[in-house]
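Spelled out, the chains give:
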Amino acid sequence: MSDHTILRRLTTVPTVLVLFAVSWVGAPLLLPIAGIVDAVRWAITRRPWMAVRLTLFLMAYTVAEAVGLLALGVTWMTSAAGRWFNLAPATFAIQRSWAAFVLIACRTIFGLKITATGLDTVSPAPFILVARHASIVDNLLPAWFVSRPHGIHIRYVMKHELLVDPALDIAGNRLANVFVRRGSGESDSEVAAIKHLATTLRANEAILIYPEGTRFSAAKRDRSMALLARRNPRLAERAGGLVHVLPPRLAGTLTLLDGCNADVVVMVHRGLDGFARIADIWQGAMVRRSVEVEFWRILRTDIPTGRAERADWLFDLWNRVDGWIAEPA
């Protein structure tokens, strides 16, 4: 464990535990204050009651963190005592339970209605799971629809910033995952780490990657398209019609395809747009949303072998994703 990792956890773990204590001990005071704020906002703007919802979600989230950290600590101590020789299954169970609890909290507190189709395409593993990224909530969907019902262990390619969450940090670094730095240009070391995920993929596992690299917004789409036009005009022309998604980044997804002989499962969704930031949630964008999730499976034999052909295939796939999002619900 590096000095940087130790320093980060010495900051994030106490912070989350303090938030847990403050939110629960202070709930008798915080919830009435939140109710007053919401009542005033509703009277003026008719916006949904968000202060109460966000306070309740903070309470639920910090419970998930505190219990997750406790469980991770117990399994680590048990392993150190020689009673648990393989931490991975226990850590995977903790990770899956954490994600399920947080998603249930989102559905309950914000009134999200989530339905899914194509679930029969998820099994069997192994496969590469490529997913659309539009919200802070869609990170939870694979654990709910893939890991929970099928017991498939997902390896994640995640952004480095998520390490600010201590439970995710500890569990994520125990398991076979890669945390990439946005704006790093997909460095050689990160590409090598992603390739290692693929070459060591097991029969009951999948690898999740978000080809867009970050959450969608129209401004990000325009910047990405301008950059792609300078770097690769041919692919920029192929992506010229994208409206609801960002053009996919090639390095990570193509590295996974090179590293393992597995099918590709695509996870698309609509209804999670428009609240990529906390500020959007505060305005009520997340309340009582209906979310549709769909899975497609693409056989390995239907994926081309050359790198240029695979790049075209990925951009064609993302045009299909964009078209699906635009379809009437």
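Read on for a plain summary of the structure.

### Focus: the packing of aromatic side chains
The relation between two aromatic rings is expressed through the spacing of the ring centres and the mutual angle of the planes.
In step 1: What the rule picks out here adds up to four aromatic pairs.
In step 2: The interplanar angle of 25 degrees and the centroid separation of 6.2 Å between the aromatic rings of Phe 57 and Tyr 61 together place this pair among those described as stacked. With a gap of four residues between them, Phe 57 and Tyr 61 both fall in helix H3 (residues 50-80), about one helical turn apart.
In step 3: A centroid spacing of 6.3 Å and a plane angle of 65 degrees characterise the contact between Phe 145 and Phe 295, whose relative ring orientation is edge-to-face. One end of the pair, Phe 145, is in helix H5 (residues 141-150); the other, Phe 295, is in strand E7 (residues 290-298), with 150 residues separating them in the sequence.
In step 4: Phe 295 gets classed as buried once you look at its relative accessible area, which sits at 2%.
In step 5: Among the aromatic side chains, those forming a connected cluster through ring pairs are Phe 57, Tyr 61, Trp 98 and Phe 110.
In step 6: For the cation-ring pair, Arg 148 lies above Trp 144, with the distance from its terminal atom to the ring centre recorded as 3.9 Å.
In step 7: The ring of Trp 324 has Arg 270 lying over it, and the distance from NZ or CZ to the ring centre is 3.9 Å.

### As for the pattern of salt bridges
Two side chains carrying opposite charge are able to pair once their charged atoms lie near each other.
In step 1: Counted by the stated rule, this structure contains twelve salt bridges.
In step 2: Across the pair Arg 155 and Glu 205 runs a salt bridge whose closest N-O atoms are separated by 2.9 Å. Highlighted residues: Arg 155 in strand E3 (residues 153-159) and Glu 205 in strand E5 (residues 205-209), separated in sequence by 50 residues. Exposure class is identical for Arg 155 and Glu 205. Each is buried.
In step 3: Across the salt bridge formed by Asp 258 and Arg 310, the nearest N and O atoms sit 2.7 Å from each other. Residue Asp 258 is located in helix H10 (residues 250-259), and its partner Arg 310 is located in helix H12 (residues 307-326); the two are separated by 52 residues in the primary sequence.
In step 4: Residue Asp 258 is classed as partly exposed on the basis of its relative accessible area, which comes to 49%.
In step 5: Three or more residues are tied together by salt bridges with common partners; here these are Arg 234, Arg 238, Asp 312 and Asp 316.

Thresholds, definitions, all that
Residues numbered from 1 in each chain as written. Predicted model: local features only at pLDDT ≥ 70, side-chain atom pairs only at ≥ 80, totals over all residues. Heavy atoms only, no water. Phe/Tyr/Trp six-rings, centres within 6.5 Å; stacked < 30°, edge-to-face > 60°. Helix = DSSP H or I, 4+ residues; strand = E, 2+ residues; numbered from the N terminus. Buried < 20%, exposed > 50% of the residue type's maximum accessible area, 1.4 Å probe, protein only. Lys NZ or Arg CZ within 6 Å of the ring centre and 35° of its normal. Salt bridge = Lys/Arg side-chain N within 4 Å of Asp/Glu carboxyl O.

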